[in-house]
Amino acid sequence: MRKIGITCYPSVGGSGIIATELGMLLAERGNEVHFITSSLPFRLNRINPRIYFHEVELNHYPVFQYPPYDLALAAKMAEVINREKLDILHVHYAMPHAISALLAKDIAEHDVKIVTTLHGTDITVLAIDDIFKNMIKHGIEKSDAVTAVSHYLADHTADLLHVNKEIEVIYNFVNEKQYYRKEMPIIKEQYGIAPEEKVVVHISNFRKVKRLPDVIQTFQLIQENIPSKLLLIGDGPEYGTASALVEELGLDEKVLFLGKQKNINELLSICDLKLLLSEKESFGLVLLEAMACGVPCIGTNIGGIPEVIQHGETGYITELGDTKQAATYAIKILSNQEQHQRFAANALEMVHTQFHSKEIVEHYERLYDKVLDTP
Ligand code: GMT
């Protein structure tokens, strides 16, 4: 039995989902798991006596202009490393979590190995800011092992930071017990969607990089040819731009803004096609979630997306900003039932082979054992 500490951003987001699902699966496999996070991870929904939660408390000290999250986290990590005698501290994000972990390792008396997983946002955003570049490089090089969620991200990190460190690719996964297609036509009815209408979906945190206008413009072309509705699930800074565009294009009746939702698998189960037309995406976990629910996907030729969608097999890859091409592919899938069924079956097959949770968790365990065996 290994004693593993896990740190991530516990709020909604792919990295938090992966870290939490990984922790729950590791506990099911007999490991003792200690989440060290600023609040209870939102996906932590299963009871297991081997799962512990240690809250990083942020007090507002009058002398500090900002509460020092990274330092409070390091202090908490050091406390948990010592008290629980952790073997591994697995942090998600090089910046700031690997840096806090390195500091905690220096402070703690008990020896611990640090494993860092890169999810993309830390590298693509922070590593192009010169202030943080060397710090991220330091966090990566001083970790005992580093993983990235796609080959794209591993290569991009190596090119951008010239890191002297092997970066192992371990793909993301979904919890297959939660993500599967449930036939629930009642949900379609509740949202006012007619049985013959096709449902297109986009799920994200509505950041600019997710290119919501491209999603809406693609849908505009789709609905001219196929009776359909677009579900926009999530919320974020681009909400205003998206809703203005929907109004401008006269699509109010056809685009449903659902906001943040919990039971994504049930919503995905009424969907026929998923669009992810981002300009930055190291993996695109939402694609895998859709594929697990038998939904074919169209994504841009960006980052790790082509590693998740097999062009012409589970969906299509389009060039960034080419909404006409995306719509042509969408209409092709939605108007050909045989092709749709084949893509859906292929997508499920991919989830259960290339991205199977058991294989991925075992991969992480092998990595933990490798670092524990290295003096
Ligand atoms: O995409 C986001 O804005 C959220 C971000 C996160 O930190 O959760 O997602 C990143 O990690 C996910 C899990 O590995 C990946 O599926 C996303 O592609 C990645 N986002 C980007 O690279 C922009």
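Rules used in this analysis
Residues numbered from 1 in each chain as written. Predicted model: local features only at pLDDT ≥ 70, side-chain atom pairs only at ≥ 80, totals over all residues. Heavy atoms only, no water. Core = buried A, V, L, I, M, F, W, Y, C linked by side-chain atoms within 4.5 Å. Buried < 20%, exposed > 50% of the residue type's maximum accessible area, 1.4 Å probe, protein only. Helix = DSSP H or I, 4+ residues; strand = E, 2+ residues; numbered from the N terminus. Contact = heavy atoms within 4.5 Å. Near = heavy atom within 4 Å. Polar contact = N/O pair within 3.5 Å; in protein donor to acceptor, adjacent residues only side chain to side chain. Areas by Shrake-Rupley, 256 points an atom, 1.4 Å probe, with all protein chains shown as cover. Nonpolar A, V, L, I, M, F, W, Y, C, P; charged D, E, K, R; others polar. Phe/Tyr/Trp six-rings, centres within 6.5 Å; stacked < 30°, edge-to-face > 60°. Right-handed = clockwise from strand over helix to strand, strands pointing away. Pairing = 2+ DSSP bridges. Axes fitted to C-alpha atoms, helices over the stretch in contact; angles between N-to-C directions.

- The name given to the protein chain in an unreviewed UniProt entry is N-acetyl-alpha-D-glucosaminyl L-malate synthase BshA, with Virgibacillus salarius as the source organism.

**Brief notes about the nonpolar core**
Here is step 1: Formed by 78 residues in total, the largest nonpolar core has its most connected members in Leu 118, Ile 140, Leu 231 and Leu 288.
Here is step 2: With eight residues, the single largest contributor to this core is helix H1 (residues 14-28).
Here is step 3: Once you skip the residues sitting within four places of it in the chain, Leu 231 turns out to touch Ile 193, Val 199, Val 200, Val 201, His 202, Leu 256, Leu 258, Ile 270 and Cys 271.
Here is step 4: Listed in part, the 27 residues of the second largest apolar core include Leu 212, Leu 230, Leu 251 and Leu 277.

**Quick look at the site of the ligand**
Here is step 1: Lining the immediate surroundings of the ligand are 17 residues, of which Tyr 93, His 119, Asn 205, Lys 210 and Glu 281 lie closest.
Here is step 2: Between the ligand and the protein, one listed contact pairs an oxygen atom with a side-chain N or O atom of Asn 172 at 2.8 Å.
Here is step 3: At 2.9 Å from an oxygen atom of the ligand is found a main-chain nitrogen or oxygen belonging to Ser 282.
Here is step 4: The fraction of the free accessible surface of the ligand (490 Å²) that becomes covered by protein chains is 94%.
Here is step 5: Taken together, the residues of the shell around the ligand break down into four nonpolar, nine polar and four charged.

**Quick word on the environment of Met 184**
Here is step 1: With respect to the helices, strands and loops of the structure, Met 184 is situated in the loop between strand S7 (167-169) and helix H7 (185-190).
Here is step 2: A sequence separation of 83 residues divides Met 184 from Leu 267, and the C-alpha atoms of the two residues are 8.9 Å apart.
Here is step 3: With sequence-adjacent residues up to four places away left out, Met 184 is seen in contact with Glu 266 and Ile 270.

**Some remarks on the packing of aromatic side chains**
Here is step 1: Tallying each qualifying case throughout the model produces nine aromatic pairs.
Here is step 2: A centroid spacing of 5.3 Å and a plane angle of 80° characterise the contact between Tyr 9 and Tyr 93, whose relative ring orientation is edge-to-face. Placement of the pair is Tyr 9 in the loop between strand S1 (3-7) and H1 and Tyr 93 in the loop between strand S4 (88-92) and helix H3 (94-107), with a sequence separation of 84 residues.
Here is step 3: For Tyr 9, a relative accessible area of 31% puts it in the partly exposed group.
Here is step 4: Centroid distance Tyr 316 to Tyr 329: 4.2 Å. Interplanar angle 10°. Geometry classified as stacked. On the criterion of sequence distance, the pair formed by Tyr 316 in strand S13 (residues 315-318) and Tyr 329 in helix H13 (residues 323-335) is long-range, its members being 13 residues apart.
Here is step 5: A network of ring pairs unites the aromatic residues Tyr 9, Tyr 69 and Tyr 93 as a single cluster.

**Remarks on the pairing of strand S12 (residues 297-300)**
Here is step 1: The alternating pattern of S12 places Cys 297 and Gly 299 and Ile 298 and Thr 300 on opposite faces, both of which are buried.
Here is step 2: Crossover handedness for the path strand S11 (residues 273-276) to helix H11 (residues 285-292) to S12: right-handed.

**As for the sheet that holds S7**
Here is step 1: Pairing within the open sheet is parallel, and its seven strands lie in the order S3-S2-S1-S4-S5-S6-S7. On the outer flanks of this sheet lie strand S3 (51-55) and S7, each paired with one strand and no other. Strand-to-strand twist in this sheet, taken as the mean axis angle between neighbours without regard to direction, amounts to 25°.
Here is step 2: Sheet topology note: the strand S5 (residues 113-118)/strand S6 (residues 145-148) ladder contains four bridges and is parallel. Bridge assignment links Thr 117 to a residue of S6, and that residue is Thr 147.
Here is step 3: Against the sheet, H3 makes contact with S1, S4 and S5, and its axis sits at roughly 175° relative to S5, the strand it touches most.
Here is step 4: Sheet strands touched by helix H6 (residues 151-161): S5, S6 and S7. Its angle to S7, the strand with the most contacts, is close to 165°.

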